Amino acid sequence: MKEFLQIIRTSPLFFGIEKEEVSAMLSCLEAKEKDFEKDTYIFRAGDTTSSLGVVLSGSVLITQEDFWGNRNIVSIVAPGQTFAETFACAPGTALNVSAIA
């Protein structure tokens, strides 16, 4: 994860924190790096999560689907930005959107 420290430090979650402190925090938080293929669901509407995501490369589409299966893009998350933080901070709350790599 060291190659992404500069991107992580630009995230509002870690902005202004020294490099050494960010590394220690990531270790303490048990941060994990995961790769997702394009068009793969990271989270689906209805899922619950206790984790939030920080985009390190590529982008994540936050989408909402209606009853008929129409998908609307609500947001595009770029490197350094976070997603699913609202749901991670509200244990047991089901996501009403999906996150797609």
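Our subject is the structure that appears above.
Residues numbered from 1 in each chain as written. Predicted model: local features only at pLDDT ≥ 70, side-chain atom pairs only at ≥ 80, totals over all residues. Heavy atoms only, no water.

K.L.:
Please clarify how the state of the cysteines should be interpreted in this entry.
P.N.:
Simply put, disulfide is the name for a covalent bond between the sulfur atoms of two cysteines. Within this structure, the stated rule accounts for zero disulfides. Looking at the unpaired C28, the closest cysteine sulfur is the one in C89, lying at 16 Å. A relative accessible area of 67% means that C89 is categorised as exposed. (Disulfide = S-S within 2.5 Å. Buried < 20%, exposed > 50% of the residue type's maximum accessible area, 1.4 Å probe, protein only.)

K.L.:
Any chance you could explain the pairing of strand β3 (residues 60-65) here in plain terms?
P.N.:
As a general feature of sheets, a regular strand has side chains that alternate between the two faces. The pairing of β3 with strand β4 (residues 71-77) spans six bridges and is classified as antiparallel. Bridging from a neighbouring strand, Q64 pairs with N72 of β4. In sequence, β3 turns back onto β4 through a hairpin of five residues, with G69 there showing a positive phi of about 90°. Where β3 meets strand β6 (residues 98-100), three bridges bridge the pair, whose relative direction is antiparallel. Looking at the pairing, L61 lines up with I100 of β6. (Pairing = 2+ DSSP bridges. Helix = DSSP H or I, 4+ residues; strand = E, 2+ residues; numbered from the N terminus.)

K.L.:
Looking at this model, I keep getting lost on the nonpolar core. Mind explaining?
P.N.:
In a soluble, globular protein the nonpolar side chains are often hidden away together inside. The biggest cluster of nonpolar side chains holds twelve residues, and these are I42, F43, V55, V60, I62, V77, F83, A84, F87, L95, V97 and A99. Counting residues per element, the ones that place at least two in this core are β1 (41-43) and β3. What V60 contacts, discounting residues up to four positions off in sequence, is I42, V55, S75, I76, V77, F83, A99 and I100. With eight residues, the next largest nonpolar core counts I8, F14, I17 and L56 among its residues. (Core = buried A, V, L, I, M, F, W, Y, C linked by side-chain atoms within 4.5 Å. Contact = heavy atoms within 4.5 Å.)

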